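# Results of the structural survey
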Amino acid sequence: MLQSGSELPPRTVVHSQSEMTELILPNDTNVLGNLLGGRLMNFIDLVGAMAAYRHARSHVVTASMEHIDFIAPVHVGDLLILKSSINRAFHTSMEVGVKVWVENTIAGIHRHVASAYLTFVAIDPQGRRVPVPPLETEADEEKRRYDDAGRRREIREAEARRRRIPKFDPATPIKT
Ligand SMILES: CC(C)(COP(=O)(O)OP(=O)(O)OC[C@H]1O[C@@H](n2cnc3c(N)ncnc32)[C@H](O)[C@@H]1OP(=O)(O)O)[C@@H](O)C(=O)NCCC(=O)NCCS
């Protein structure tokens, strides 16, 4: 039986904050030496999952990745710095915010290059959804992100209803 996440002790945003640093190598880039968008999405997914793991303390799967803004190109040799934290915990899902910077150590430049919001769902080892602890916000910025995440969820749900996105059912046979 799915218990309510609100019965679990709350966790703060600091608890989930995660950081990852990657040196961009030629294998990560296109012929012009710019980081591939898909590779950046992979890094965003990983650092987002770290925050979700830390908050939920369970396995998580990516349910959606949205609102990705690629603000500026990233070049081979740049240091990519990615930071993530929980914006809001719902029942079994959590919205995670990811912000990405580059540091060009030779030019001494530090620039914001991308931002994204992802939703992760907590699951047990059998793949069943499990509730996540509520998020306790402290700083004003954390409260703003919490409210914004609620608005994004309302918009997402309205859009899913409009597009009639099918619910995942592992028992449904695959049509070819
Ligand atoms: C994500 C997944 C677990 C949702 O399962 P489901 O049975 O459709 O679940 P429901 O529709 O009942 O929603 C469960 C929760 O997920 C959230 N959710 C489901 N689809 C979502 C989406 N597209 N975006 C954001 N949240 C979503 C719901 O809001 C709900 O949150 P809540 O429990 O906090 O209220 C399921 O679709 C899945 O396993 N997808 C594949 C995940 C995966 O493999 N990811 C890696 C990428 S290949």
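Presented here is an overview of the structure given in this document. Just so you know, these numbers come straight off a predicted model, no measurement behind them. Counting restarts for each chain, with residues numbered from 1 along the sequence as it is written. Only residues with pLDDT of at least 70 are given local features in this predicted model, and only at 80 or more are side-chain atom pairs given and counted; all residues enter the totals for whole chains, interfaces and linings.

End to end, helix α3 (residues 140-163) covers 35 Å across 24 residues, agreeing with the expected 34 Å (1.5 Å per residue, within 8%). Burial of α3 is sparse: only two of the 24 residues sit out of reach of the surface. Phi turns positive, to about 50°, at Arg164, one or two residues after α3. Secondary structure elements are defined from DSSP: runs of H or I of at least 4 residues count as helices, runs of E of at least 2 residues count as strands, and each element is numbered from the N terminus. Expected span of a helix, by definition, is 1.5 Å for each gap between consecutive residues, and there is one gap fewer than residues. Between the buried cut of 20 or more and the exposed cut of 12 or fewer other C-beta atoms within 10 Å of a residue's own C-beta lies the partly exposed class, and all C-beta atoms are placed from the backbone.

To decide whether a residue is near a molecule or strand, its C-beta atom is placed from the backbone and checked for lying within 6 Å of it. Of all residues adjacent to the ligand, which total 14 residues, the nearest are Ser64, Phe90, His91, Thr92 and Ser93. Put simply, the parts of the chain that give the shell around the ligand at least two residues each are β3 (59-70) and β6 (109-123). Considering each element in turn, the shell around the ligand owes the most residues, four residues, to β3. Under the grouping applied here, Gly and all other residues not named as nonpolar or charged are polar, the nonpolar ones being Ala, Val, Leu, Ile, Met, Phe, Trp, Tyr, Cys and Pro and the charged ones Asp, Glu, Lys and Arg. Taken together, the residues of the shell around the ligand sort by class into five nonpolar, six polar and three charged.

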